[in-house]
Amino acid sequence: EISACLVGSEMCIRDRNSGASIYLKAPHGLTTLHLAVKRGDLALSKLLIASDFENILVNEKSGAEGSALHIAIVRNDVQIIKLLIVSGASLHQTDNKGQTCIDLGLRSEDAKTSKLISDLIIRKTVTRPQFPSNVKSVSVTNLKRKRSIN
């Protein structure tokens, strides 16, 4: 069985029996999933999430950039955003500046990213197929309040 791993600051795929861990972090606190998302590598992101039996990577925060979902939203990578949300990434997690993924998504200048986040909020909940969701609902009233403040 293969998995993704981090060697130095480089991402690689290793045989799971070799002892390589998908939970290693780069010097700046980036996980293997953070690095895959930064590179826009959807296939590797899927592999890492599928290999994460402890369900740690999806909501793990890096030192400076927040969660993998924060990174995907900043990159406007709609496919990876969807993958992370379906995999249980929290829209409410904050980065080191106190911004939630919702904040970043609604402020995005990319129409697809902001529409995706808006649609998720309007539906009020995000659920993972076949798994219980750990994403809370967001009221449309709070969304309107946030938009009028900004």
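The model shown is predicted, which means the values in this text are computed figures rather than measured ones.

Thresholds, definitions, all that
- Residues numbered from 1 in each chain as written.
- Predicted model: local features only at pLDDT ≥ 70, side-chain atom pairs only at ≥ 80, totals over all residues.
- Heavy atoms only, no water.
- Helix = DSSP H or I, 4+ residues; strand = E, 2+ residues; numbered from the N terminus.
- Buried < 20%, exposed > 50% of the residue type's maximum accessible area, 1.4 Å probe, protein only.
- Contact = heavy atoms within 4.5 Å.
- Areas by Shrake-Rupley, 256 points an atom, 1.4 Å probe, with all protein chains shown as cover.
- Core = buried A, V, L, I, M, F, W, Y, C linked by side-chain atoms within 4.5 Å.
- pLDDT = per-residue confidence, 0-100.

Peer 1: How should the overall build of the protein be read in this particular structure?
Peer 2: Looking only at helices and strands, the protein features seven helices and two strands. The order of α-helices and β-strands along the protein, N terminus first, is β-β-α-α-α-α-α-α-α. Counting across all 150 residues of the protein, residues that qualify as buried make up 45%. Taking contacts inside the protein between residues at least 6 apart in sequence as the whole, the part at least 24 apart equals 59%. Roughly 8200 Å² of accessible area belongs to the protein as shown, and the carbon and sulfur atoms make up 53% of that amount.

Peer 1: What should I look at first to understand the nonpolar core in this one?
Peer 2: Soluble globular proteins: nonpolar side chains tend toward being buried together. Of all hydrophobic cores here, the largest spans 29 residues; its most connected members are Leu-33, Val-37, Leu-69, Ile-81, Leu-84 and Leu-91. Counting residues per element, the ones that place at least two in this core are α1 (32–38), α2 (42–51), α3 (68–75), α4 (78–86), α5 (101–107) and α6 (111–122). If one sorts the elements of this core by residue count, α4 sits on top with six residues. Excluding its chain neighbours within four sequence positions, the residues that come into contact with Ile-81 are Leu-69, Ala-72, Ile-73, Thr-113, Leu-116 and Ile-117.

Peer 1: For this particular structure, what's the right way to read the side chain of Gln-93?
Peer 2: Examined against the element boundaries, Gln-93 turns out to sit in the loop between α4 and α5. Non-local contacts of Gln-93, meaning those with residues more than four positions away in its chain, are made with Asn-59, Lys-61, Ser-67, His-70, Gln-99, Thr-100 and Cys-101.

Peer 1: Explain the environment of Asn-76 to me, please; I cannot follow it from the model alone.
Peer 2: Along the polypeptide, Asn-76 turns up in the loop between α3 and α4. Assessed through its relative accessible area of 30%, Asn-76 is described here as partly exposed. Sequence separation of Asn-76 and Ala-111 is 35 residues, and the distance between their C-alpha atoms is 9.1 Å.

Peer 1: Is there a simple way to think about the confidence of the model for the protein in this case?
Peer 2: Detailed reading of the predicted coordinates is not advisable wherever pLDDT is low. For the protein, per-residue confidence averages 75 on the pLDDT scale, and 69% of positions sit at 70 or higher. Looking across the protein, the model is least confident in helix α7 (residues 140–149), with a mean pLDDT of 38, and most confident in α3, with 95. In the model, residues 125–150 has pLDDT below 50 throughout and makes 38 contacts with residues more than four positions away in sequence or in other chains.

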